[in-house]
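# Coordinate inspection notes
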There are 4 protein chains.
Amino acid sequence: MRFFSDNAAPVCPEVLAALGAVNHLDTAYDGDQWSQQLDGRFSDLFGTQVRALWVPSGTSANALALAALCPPHGSVVCHRDAHIQNDECGAPEFYTHGAKLLLADGDGAKLTPETLRGAVANIRNDVHQVQPHAVSITNATEYGLVYTPQEVAAIGVIARERELGLHMDGARFANAVAHLDCHPGDVTWRAGVDVLSFGFVKNGGMSAEALIFFKPELAAATLYRRKRAGLLLSKGRYLAAQLLAMLDGDLWLRNARAANAGARLLAEAAPNRLVYPVQANEVFLKARPDEAARLRALGFDFYDWAPGEVRLVTSWDQSEAAIRPLAEAIAAL
Amino acid sequence: MRFFSDNAAPVCPEVLAALGAVNHLDTAYDGDQWSQQLDGRFSDLFGTQVRALWVPSGTSANALALAALCPPHGSVVCHRDAHIQNDECGAPEFYTHGAKLLLADGDGAKLTPETLRGAVANIRNDVHQVQPHAVSITNATEYGLVYTPQEVAAIGVIARERELGLHMDGARFANAVAHLDCHPGDVTWRAGVDVLSFGFVKNGGMSAEALIFFKPELAAATLYRRKRAGLLLSKGRYLAAQLLAMLDGDLWLRNARAANAGARLLAEAAPNRLVYPVQANEVFLKARPDEAARLRALGFDFYDWAPGEVRLVTSWDQSEAAIRPLAEAIAAL
Amino acid sequence: MRFFSDNAAPVCPEVLAALGAVNHLDTAYDGDQWSQQLDGRFSDLFGTQVRALWVPSGTSANALALAALCPPHGSVVCHRDAHIQNDECGAPEFYTHGAKLLLADGDGAKLTPETLRGAVANIRNDVHQVQPHAVSITNATEYGLVYTPQEVAAIGVIARERELGLHMDGARFANAVAHLDCHPGDVTWRAGVDVLSFGFVKNGGMSAEALIFFKPELAAATLYRRKRAGLLLSKGRYLAAQLLAMLDGDLWLRNARAANAGARLLAEAAPNRLVYPVQANEVFLKARPDEAARLRALGFDFYDWAPGEVRLVTSWDQSEAAIRPLAEAIAAL
Amino acid sequence: MRFFSDNAAPVCPEVLAALGAVNHLDTAYDGDQWSQQLDGRFSDLFGTQVRALWVPSGTSANALALAALCPPHGSVVCHRDAHIQNDECGAPEFYTHGAKLLLADGDGAKLTPETLRGAVANIRNDVHQVQPHAVSITNATEYGLVYTPQEVAAIGVIARERELGLHMDGARFANAVAHLDCHPGDVTWRAGVDVLSFGFVKNGGMSAEALIFFKPELAAATLYRRKRAGLLLSKGRYLAAQLLAMLDGDLWLRNARAANAGARLLAEAAPNRLVYPVQANEVFLKARPDEAARLRALGFDFYDWAPGEVRLVTSWDQSEAAIRPLAEAIAAL
């Protein structure tokens, strides 16, 4: 009965089965027939021509994306609570060879047009200051909030004005789209996103994320960077197969809907305790230490997030039956 | 009937089964119970206390190893035909932040004490020249030759004299040990090796290699570098499980012996055509273009390596019955 | 009648004369007799054994210092208004190969024990977060405030507790010491400073700053980094000569006292307009745009700093006679 | 009576005088009136529109040039005896963030069309191999040989074919042009050179070299890299003044002619001892250890270069009278 991370969830059976299904001879690296399908399959999904690369982690997807958008002497605007700033041990700085992250504010880890403009407003346009070259937003955010297509587009307009590349960290992109119930293109390229880290691992995958370039020409140097970083696994077909299995029959969406439904169930149990509206698969609750302790005594695992605040994360594999006991325990506090 | 790369071979069934066996809830990253067993299991294998980390590729294992041994302003001596020099797109330079590879010679891609001494002899000890900090040798080499414990130890003596760290690229370490029929410690730490990239993927694994630190203190900064490079996969238990499955019952050795036996069978079919003695699972044959074409016409796939020379690589999954047709075709040329 | 930057001031005659005095044959790089004197001369000045290197700019001094104290995967705590953060185009990130600057607060660009503790308090000690390895403080600060020996020592205590290296950006170190009227060792190594960027260019020098290692062993790798960065000029004697000329007869202190006296004169003209106490050679004044315009109409040049705020910087070469007209004009506003 | 390095020569009086002449108030960094003249003055010299930046060292000029031409995942072809490979402590790797130098052969440290083609011929065009992006040649070479305009153009043709940027390390460019007696444009941009490191320090300067971009658009990012590396000195007018003084009245050519004449005098003294033809200001002589010792006993200083080989370097400041004693001593051996 754990609610501490969707990274701890198992791999979904379709993905595991896909590994077996490709377990025969094929070309190494990404020359195999499955890897070769990614561009086409993701182009179909997004409704535009994309380049789609598998990578083994969300951190590497993000870092490669930023390296494609920002030179070593540039900066990337992001929210001060962004994963790329706080939880990737400086991967953006490593892959960009020392670019800076320029931190901005916004409720629920969401940048707003105002906070983005504010972040870049005071940068003097001279060689003494690191110039902004990109923006990175997270959808769903670190606090489970979802940018709407309109909100992304408002960021995208500023990005174009200022000639900033726009990256979306979509570690929980599936949860965001499931919540929005929109076309995945609406909240990405149609709203100005240049590169998307499309997460699958938290959503039932094992070890493959997709890096989606909506400007296909940005992918060229990334192919070298991916190899150079040791991310071009020699048996790449086992990564491609995971992604293809997730796309088949919109498994990615079904899984995300399941996880989101679980979170909603928890949210409905304690509407007055919510720190943020629950939109994706994360629930941030106000709970006193003794209340948290009572939940834990009942066998529920989760992280304390801040004083008087706990985080509950639901996963693709948790049925309503698996969630309900926690929902009831919360309601009963 | 392909003999072009052991990277193209399938994953062995024990490894695939292991993925299913760990497919339940556990802690993310490398906090899970399987990842936590690696130090102990590899320490037992090598007969000394080691730190063992999973990484998703051989390139990343090598690059992290070199970053642990060489500062940005240093150099690593390696053979001019080494994989780290020719086939990793500059991964050593990326991970070390710009160290140089100092190229040395030797038959069959093997460094010798003489060529190693020669490579460092002319470096002036001043700040204008990049100073050597490490040596990297490959066992088995890119041409399928195996360093004996004595040969490694002779390199190790020079490394200690010159205060150079000693790295072994063991993408085919299993094949080397299978050939030597020695204790794995004899050809590594007892011979002066500080860090080993212990390959499993070419030998039946899917996406996990082991990075073995015989000086455990070298691992500390590597833990940060692994994360920073996006190599710390969030569901690490699926990597740990692969390594543990390969260690169980010495599967790694059995697989390597099978691959080596296949190569020997091919070698015996054409002793006069051998470019190098066949010790591991690679066979380099002299073959005229028309001869190579005849083999291909029979359905055998392999790489041309050099003018008049082809490379045949055997894999863990090829039985004698699978090899014999090619052996006979070669003999009949 | 310019008060916009001490970088715009001329070179003092003793420094210019020193260039002529060494203008004969000697060894290249830093092998010459003058460069060889630096360790001894600065050790005498600071009352402890130091390693002293010339470098051609303050930015390079700072960046080399930080590279000596912080690995690529670490961070350096500094004030959010620090020069290394805002005015060096990412030099710290370049030289450290991607370390982060961790920004902290404090009045007048001064870190306090509380803000330093606060900055590092929330860093989880795990590989997902960039760990702090160093602190950098600026003395005198970007707003002309001076850390006392006691204030530095309070920072130094925390640095030792947390195993952080302590760097002092002393672009205006001379002005700070002139204000404090203390032994230069009191505000540096005796207070826990490990490396000092000791500025001379703003204080009458031409193109030489000193990088002082109070832990001499930290200098070893820096010698390579300095060369590798193209900072080891081939005719280094012309840099060493500048530093020696500034040390002779405490010229560095005399120049700084002159600049500080000029600032005091301005401060006394308008005590109610001061944004910060005037301690070194910078004066931040509240002045409406029309007031600033009036001063400029009288021929005085200076920077607007913030809305309703101007910055005046005095230099070593400005006599009381040169300052008084501005003082009077301010008083008359 | 030293002949060991032109770096050891004094600064010529015109340059020293120029420092005094600009020793008054002006804008900091490169905003001053003298720095602003560089583009125009060097454009006039080369007969085409260039961007010209001062930098404080030849190593930094070379490294910035290569960073402008080669991405981190690329390589630069150069001669295996090139200064950038052997004497800059890895500066190219630092500034390019880890690009490789791809070493090629050629007599007298000169690349030839054949050796250049050979160096890149075997690079597979795939992501596993570092792809060549630039060529760097040195004129005059490390052995004092001079590429003619035709020879450079032959390299330039290959560079264009292969889409490689072409850099010329002109630490002794003045000596090359003095030898060729050609227009400086003939051996640079008209022959395909994209970026030139134009050396002045060995030729009578103190601390300023010029970085010349024949494709002005390449300079844009370099301005940030120069600042980021701490190479944008705050009192830049003292660097610009040196360059302008060297251009005035073609002082750079007169100085180089004087140095070359000295070398010719030495060469004529011992035509049978010459290891290479003497074209610039370096003379490589065959001399047994006892012969070298005899010269040294007479008070002549120089480097042993290889067994049985010594290097003599002449400088701008050595008159025929200063050279003749050595010429006679050599003749008398």
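Structure's up top.
Okay, so let's go over this structure.

Reading the values: the criteria
Here the residue numbering is sequential within each chain, running from 1 through the sequence in written order. For this description, chains carry letters from A and ligands carry numbers from 1, given in the order in which they are written. Only residues with pLDDT of at least 70 are given local features in this predicted model, and only at 80 or more are side-chain atom pairs given and counted; all residues enter the totals for whole chains, interfaces and linings. Excluded from the side-chain calculation are hydrogens and water; included are all heavy atoms of the structure. Here the copies were fitted onto each other by least squares, based on C-alpha atoms from residues at pLDDT of at least 70 in both. Every residue pair with non-hydrogen atoms within 4.5 Å of one another is taken to be in contact. Helix and strand assignments follow DSSP, with helices taken as H or I runs no shorter than four residues and strands as E runs no shorter than two, numbered in order from the N terminus. Each reported salt bridge corresponds to a side-chain nitrogen of Lys or Arg within 4 Å of a carboxyl oxygen of Asp or Glu. A simple rule labels every residue: compare its accessible area, found with a 1.4 Å probe on the protein chains alone, to the largest value its type can have, and call it buried under 20%, exposed over 50%, or partly exposed in between. Throughout, nonpolar core names a set of buried Ala, Val, Leu, Ile, Met, Phe, Trp, Tyr and Cys residues whose side chains join them through atoms within 4.5 Å. Pairing between strands is defined by DSSP: at least two bridges between the two strands are required. Axis geometry follows a simple rule: fit a line to the C-alpha atoms, using only the stretch in contact for helices, then measure angles between N-to-C directions, giving values from 0 to 180 degrees. As a working definition, buried area equals the accessible area (1.4 Å probe) given up by two parts on being put together, with both sides summed. In protein, a polar contact means a hydrogen-donor-capable atom and an acceptor-capable atom, both N or O and within 3.5 Å, with residues adjacent in sequence counting only if both atoms are side-chain atoms; elsewhere, any N or O pair within 3.5 Å suffices. Two cysteine sulfurs form what is called a disulfide whenever their separation falls within 2.5 Å. Roughly parallel means an angle under 35 degrees; roughly antiparallel, over 145; roughly perpendicular, 65 to 115; everything else is oblique. Gly is placed with the polar residues, together with every amino acid not listed as nonpolar (Ala, Val, Leu, Ile, Met, Phe, Trp, Tyr, Cys and Pro) or charged (Asp, Glu, Lys and Arg).

Okay, the relation of the copies chain A and chain B next. Superposing chain A onto chain B takes a rotation of 180 degrees plus a shift of 0.0 Å along the axis, which leaves an RMSD of 0.0 Å. Viewed as a symmetry operation, the transformation between the two copies matches a two-fold axis. Both copies contact each other with a shared surface, as 100% of the interface residues of chain A are interface residues in chain B too.

For the rest of this paragraph, the subject is unusual backbone geometry. A cis amide bond links A:Asn139 with the next residue in sequence, A:Ala140, at an omega value of -5 degrees. Relative to the helices and strands, A:Ala140 resides in the loop between β4 (131-138) and α7 (149-161). Here D:Ala109, not a glycine, exhibits a phi torsion of approximately 65 degrees, which is positive. With respect to the helices, strands and loops of the structure, D:Ala109 is situated in the loop between β3 (100-104) and α6 (113-121).

Moving on, we come to the pattern of salt bridges. According to the stated counting rule, one finds 84 salt bridges over all chains in the structure shown. The residue A:Arg80 makes a salt bridge to A:Asp105 at a minimum N-O spacing of 2.6 Å. One end of the pair, A:Arg80, is in the loop between β2 (74-79) and α4 (83-86); the other, A:Asp105, is in the loop between β3 (100-104) and α6 (113-121), with 25 residues separating them in the sequence. Classification of A:Arg80 by relative accessible area gives partly exposed; the value is 33%. The partly exposed category is assigned to A:Asp105, whose relative accessible area is 40%. Its salt-bridge partner being D:Asp87, residue B:Arg124 comes within 2.9 Å of it at the nearest N-O pair. Note that B:Arg124 is positioned in the loop between α6 (113-121) and β4 (131-138) and D:Asp87 in the loop between α4 (83-86) and α5 (91-96), a pairing that runs across two chains. Residue classification places B:Arg124 among the partly exposed residues on the basis of a relative accessible area of 38%. The class for D:Asp87 is buried, based on a relative accessible area of 18%.

Residues C:Phe42, C:Tyr95, C:Phe198, D:Phe42, D:Tyr95 and D:Phe198 are the most contacted members of the largest nonpolar core, which totals 205 residues. Setting aside its immediate chain neighbours within four residues, C:Phe198 contacts C:Phe42, C:Leu45, C:Phe46, C:Gly170, C:Phe173, C:Glu209, C:Ala210, C:Ile212 and C:Trp252. Within the second largest apolar cluster, 199 residues are counted, among which are A:Val193, B:Leu19, B:Ala119 and B:Val135.

Time to look at the sheet that holds strand β10 (residues 309-313) of chain C. Hydrogen bonding along the main chain pairs the strands of a sheet, whether they run parallel or antiparallel. Residue and element names in this part refer to chain C. The sheet built from 3 strands is open, its strands ordered β8-β10-β9 with antiparallel pairing. Taken across any chain shown, the strands that pair with only one partner, and hence form the sheet edges, are β8 (282-286) and β9 (303-306). Each strand of the sheet is rotated relative to its neighbour by a mean of 35 degrees, with strand direction disregarded. Pairing of β9 with β10 involves 3 bridges; the strand directions are antiparallel. Bridge pairing in β10 links Tyr303 to Arg311.

Attention shifts here to the interface of chain A and chain C. Listed per partner, the contact involves 16 residues of chain A and 16 residues of chain C. Summing both partners gives a buried area of about 1,300 Å² for chain A against chain C, and 42% of it is carried by carbon and sulfur. The tally of links from chain A across to chain C stands at 4 salt bridges. At the boundary of chain A with chain C, the tally comes to 12 residue pairs in polar contact (both at pLDDT 80 or more).

Glancing now at the state of the cysteines. Residue and element names in this part refer to chain A. Evaluation of the coordinates by the stated rule reveals 0 disulfides over all chains. The cysteine Cys78 is free of any disulfide, with Cys70 supplying the nearest cysteine sulfur at 11 Å. With a relative accessible area of 0%, Cys78 lands in the buried category.

What follows covers the interface of chain A and chain B. Counting residues at the interface gives 45 residues for chain A, matched by 45 residues for chain B. Overall, the association of chain A and chain B removes approximately 3,800 Å² of surface from exposure, summing both partners, and the carbon and sulfur fraction of that is 62%. A per-residue breakdown of the area chain A buries against chain B is headed by A:Phe94, A:Arg228 and A:Lys235, which together make up 20% of the total. Taken together, chain A and chain B are joined by 0 salt bridges. For the side of chain A that touches chain B, the secondary structure elements donating two or more residues are α1 (13-21), α3 (58-69), α5 (91-95), α9 (219-228) and α10 (237-247) of chain A.

Before going further, it helps to spend a moment on the relation of the copies chain A and chain C. Its rotation angle being 180 degrees, the transformation that places chain A on chain C also includes 0.0 Å of axial translation and leaves an RMSD of 0.0 Å. The overlap is high: 100% of the interface residues of chain A also sit at the interface in chain C, so the same surface is used on both sides.

Residues and elements named next belong to chain A. Extensive coverage of helix α8 (residues 173-180) is indicated by the burial of 6 of its 8 residues. Listed as buried for α8 are Phe173, Ala174, Asn175, Ala176, Val177 and Ala178. Note on α8: the residue one or two positions beyond its end, Asp181, has a positive phi of about 55 degrees.

The subject of this paragraph is the pairing of strand β8 (residues 282-286) of chain B. All names here are of chain B. Among the 5 residues in β8, 4 count as buried, and that is most of the element. Pairing of β8 with strand β10 (residues 309-313), which is carried by 5 bridges, proceeds in the antiparallel orientation. Bridging across to β10, Lys286 finds its partner in Glu309.

Here the focus is the environment of D:Asp32. Residue and element names in this part refer to chain D. Tracing the chain through its elements places Asp32 in the loop between α1 (13-21) and α2 (38-46). C-alpha of Asp32 to C-alpha of Leu166: the two residues are 134 residues apart in sequence and 30 Å apart in space. With near-sequence residues (within four places) excluded, Asp32 lies in contact with Asp26, Thr27, Gly236, Arg237 and Ala240. A distance of 2.7 Å separates polar atoms of two side chains, one belonging to Asp32 and the other to Ser35.

Residue and element names in this part refer to chain D. For the pair helix α10 (residues 237-247) and helix α11 (residues 251-269), the least separation of the axes is 5 Å and the interaxial angle reads 70 degrees. It follows that α10 is roughly perpendicular to α11 by the angle criterion. Counting all contacts with α10, which are made through Ala245, Met246 and Leu247, the residues of α11 involved are Leu251, Trp252 and Asn255. Taken together, the residues of the contact of α10 with α11 sort by class into 5 nonpolar, 1 polar and no charged.

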